[in-house]
Amino acid sequence: MAEYEKEVRKILQDNGCVFVRHGKGDHDIWYSPITKINFVVDGKIKSRFTANAIMKQSGIDHHF
C-alpha cells in the first residue's frame, strides 16, 4: 500500500497552504488561501481517494 502523507503535505506547502494546528488523534488542521477554508489532513493517508479529497478541499488541481 502506498503512503501519500508526505507527498500531500509537500504539495500543500508548495501551493501556499499552511499548517494551523493539531486536531484530534493524528489529524492536523490546514488552511488553504485558494479556497479560504480550514480542512483536515490525516496523519496516515493510505488511500489515493483520501489524498484526492484533500487536494479537492484545498483547491489544488492535482490527482494521484
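Residues numbered from 1 in each chain as written. Predicted model: local features only at pLDDT ≥ 70, side-chain atom pairs only at ≥ 80, totals over all residues. Heavy atoms only, no water.

Caption draft 1: Up close: the sheet that holds strand 2 (residues 27-32). The strand order across the open sheet built from 3 strands is 1-2-3, with neighbouring strands paired in antiparallel fashion. Only two strands of the sheet have a single partner each, and these edge strands are strand 1 (18-22) and strand 3 (37-42). Pairwise comparison of adjacent strand axes, ignoring direction, gives a mean angle of 35 degrees for this sheet. Pairing analysis gives 4 bridges linking strand 1 to strand 2, with the strands arranged antiparallel. Bridge pairing links His-22 to Asp-28 in strand 2. Where helix 2 (residues 48-58) meets the sheet, its contacts fall on strand 2 and strand 3, and the angle it forms with strand 3 comes to roughly 165 degrees. (Pairing = 2+ DSSP bridges. Helix = DSSP H or I, 4+ residues; strand = E, 2+ residues; numbered from the N terminus. Axes fitted to C-alpha atoms, helices over the stretch in contact; angles between N-to-C directions. Contact = heavy atoms within 4.5 Å.)

Caption draft 2: Structural detail: the pairing of strand 2. Hairpin connection, strand 1 to strand 2: the antiparallel pair is bridged by 4 residues, and Gly-25 has positive phi, about 65 degrees. Bridging between strand 2 and strand 3 involves 6 bridges; their strand directions are antiparallel. The partner of Trp-30 across the bridge, within strand 3, is Phe-39. Linking two consecutive strands that pair antiparallel, namely strand 2 and strand 3, is a turn of 4 residues; a positive phi of about 60 degrees is found at Lys-36 within it.

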